[in-house]
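Below, each chain spelled out in residue letters.
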There are 2 protein chains.
Amino acid sequence: MTAPQTPQVNSRQAALSQDASSKERLRLWLRMLRVTRQVEAALREKLRTEYDSTLPRFDVMAALLQAPNGLKMNELSKRLRVSNGNVTGIIDRLVEDGSVERIAIEGDRRATRVRLTPAGRDAFTLMAEAHEHWVNDLFEGVTAEDAHHIGELLHRLPTHTGAPS
Amino acid sequence: MTAPQTPQVNSRQAALSQDASSKERLRLWLRMLRVTRQVEAALREKLRTEYDSTLPRFDVMAALLQAPNGLKMNELSKRLRVSNGNVTGIIDRLVEDGSVERIAIEGDRRATRVRLTPAGRDAFTLMAEAHEHWVNDLFEGVTAEDAHHIGELLHRLPTHTGAPS
DNA sequence: TATAAAAAGTTTAAGCTTGAAATATATTCC
DNA sequence: GGAATATATTTCAAGCTTAAACTTTTTATA
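In the annotation of an unreviewed UniProt entry, chain A is listed under the name MarR family transcriptional regulator and assigned to Halomonas urumqiensis.

Dropping the structure here:
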């Protein structure tokens, strides 16, 4: 009891509030995870039953819609932030059902360009519209203002954990 | 040009603001998805390289830690909101490496109880502590207040899309 | 110009996930 | 008691995902 107390108390308080922040952040993360999984499950189910499709296919097609001239496999996997082996498989299946085509790139026989077929574009347009409705319904309880607000706050969350944006 | 215009204009305005909300909600959803995936990827990487484990294993062990007497497969899959076939596989692997044990339930030979072994409990304790640190680091830019605030807002988001909480 | 290094994609092995079918046991009810 | 139904779990087929190994082609460089 004769030792100087201030530094000890300070560091203890620091440790405590550090711990409290940590717990609060952990809670936030678990909540985000729960909500995200729930929404993903609902969307997956909808895509499956109503369009016989999947979320990964939807993501790929959404990326391809933005690039009428197609994308190289490389660009696609970077844009979606998934492994290139992953993209290979998804594209294989999209080619199989006629939504996507692989196009040779003249001047580089290693690379392939990949783009939506007209049928793929049509199919995706329908799905995308439905998708927006589903999301709108799922987020029914959130006003546009709240959505905007949460979105802004989310901006401070980790977006670039090493990977480029 | 001679038809009454007011109702038409009203409905057009309604459609427009409906559309704006819808777009705002879609943006929110995409942002949530992006952040969540980024954090999940970082945590998965950490669990893999530092503990030779995975997120699903972590989730299962976390659920089991709360139930010292173990849980039935059924309860586990309900609690984690994943299919029971899924849980079977994860538990198989956890049993294989000695973290979990299956226990017969007397009086019902259909069901099994599943619980952490002492080794599993120890291993999980270490991982859980590291996990909290990782999350804390990933969410570094978020103050405890912001975390709390976002968490509150997230509460209004879909939590019960049919499934029990 | 040979050879090494880099780049683009695919393949592979392992694990996660689902929905549906199958198996085994328990319960209900006639 | 025995048939029908319900419950608990596993198995299966298909698809997603990753990291690592591999193949092919291009580019750099000695």
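Another aspect to go through is the relation of the copies chain A and chain B. With an RMSD of 0.1 Å, the operation that places chain A on chain B is a rotation of 180° combined with a shift of 0.0 Å along the axis. Accordingly, the operation relating the two chain copies is best matched by a two-fold axis. Residue Ile150 of chain A, judged by its C-alpha, is the member of chain A lying nearest the rotation axis, at 3.3 Å. Both copies present the same face, since 100% of the interface residues in chain A are matched by interface residues at the equivalent positions in chain B.

What follows covers the protein's contact with DNA strand D. Not every one of the 26 residues close to DNA strand D is listed here, only the nearest: Arg93 of chain A together with Asn74, Thr88, Arg110 and Thr112 of chain B. Thr54 of chain A has a polar side-chain atom sitting 3.0 Å from a phosphate oxygen of DNA strand D. Between DNA strand D and Thr112 of chain B, the relevant distance is 2.7 Å, taken from a phosphate oxygen to a main-chain nitrogen or oxygen of the residue. Every element with two or more residues in the surface near DNA strand D is listed here: helix 2 (55–65) and helix 4 (84–96) of chain A together with helix 1 (6–51), helix 3 (73–80) and helix 4 (84–96) of chain B. For the surface near DNA strand D, the residue count by class is five nonpolar, nine polar and 12 charged.

Counting through the fold element by element, Asp146 of chain B comes out in helix 6 (residues 144–154). Excluding residues within four positions of it along the chain, Asp146 of chain B makes contact with Leu153 and Arg156 of chain A.

This next bit is on the protein's contact with DNA strand C. Taken together, 26 residues are adjacent to DNA strand C, and Asn74, Thr88 and Thr112 of chain A together with Arg93 and Arg109 of chain B come closest. For DNA strand C, the backbone portion of the atoms within 4 Å of the protein, that is sugar and phosphate, comes to 84%. Elements represented by at least two residues in the surface near DNA strand C include exactly helix 1 (6–51), helix 3 (73–80) and helix 4 of chain A together with helix 2 (55–65) and helix 4 of chain B. Tallied by class, residues from the surface near DNA strand C come to five nonpolar, 10 polar and 11 charged.

So, about the interface of chain A and chain B. At the junction of the two partners, chain A supplies 50 residues and chain B supplies 51 residues. Between chain A and chain B the total buried area reaches about 5300 Å² when both faces are included, carbon and sulfur atoms providing 61% of it. The interface formed by chain A and chain B holds six salt bridges in total. Note that Asp59 of chain B is salt-bridged to Arg37 of chain A, the shortest N-O span being 3.4 Å. Taken together, chain A and chain B are joined by 21 residue pairs in polar contact (both at pLDDT 80 or more). Every element with two or more residues in the side of chain A that touches chain B is listed here: helix 1, helix 5 (118–138) and helix 6 (144–154) of chain A. In terms of residue count, the dominant contributor to the side of chain A that touches chain B is helix 1 of chain A (21 residues). Among the residues forming the side of chain A that touches chain B, the class breakdown is 20 nonpolar, 15 polar and 15 charged.

Residue and element names in this part refer to chain A. Taken in spatial order, the three strands line up as 1-3-2 in an open sheet, and their pairing is antiparallel. Among the strands making up the open sheet, the edge pair consists of strand 1 (71–72) and strand 2 (100–104). As paired elements, strand 2 and strand 3 (residues 112–116) share five bridges and run antiparallel to each other. What sits directly across from Arg102, in strand 3, is Val114. Across the sheet, helix 2 touches strand 1, strand 2 and strand 3, and the angle it forms with strand 3 is around 95°.

Right, let's get into the pattern of salt bridges. Under the defined criterion, the tally for this structure stands at 18 salt bridges over all chains. Notably, a salt bridge pairs Arg37 of chain A with Glu40 of chain B, separated by 3.4 Å at the nearest N-O pair. You can see Arg37 of chain A sitting in helix 1 and its partner Glu40 of chain B sitting in helix 1, one on each of two chains. With its nearest N and O atoms 3.2 Å apart, the salt bridge here joins Glu50 of chain B to Lys46 of chain B.

Conventions and cut-offs
Residues numbered from 1 in each chain as written. Chains lettered and ligands numbered in written order. Predicted model: local features only at pLDDT ≥ 70, side-chain atom pairs only at ≥ 80, totals over all residues. Heavy atoms only, no water. Least-squares fit on C-alpha atoms with pLDDT ≥ 70 in both. Contact = heavy atoms within 4.5 Å. Near = heavy atom within 4 Å. Polar contact = N/O pair within 3.5 Å; in protein donor to acceptor, adjacent residues only side chain to side chain. Helix = DSSP H or I, 4+ residues; strand = E, 2+ residues; numbered from the N terminus. Nonpolar A, V, L, I, M, F, W, Y, C, P; charged D, E, K, R; others polar. Buried area = accessible area lost by both parts, 1.4 Å probe. Salt bridge = Lys/Arg side-chain N within 4 Å of Asp/Glu carboxyl O. Pairing = 2+ DSSP bridges. Axes fitted to C-alpha atoms, helices over the stretch in contact; angles between N-to-C directions.

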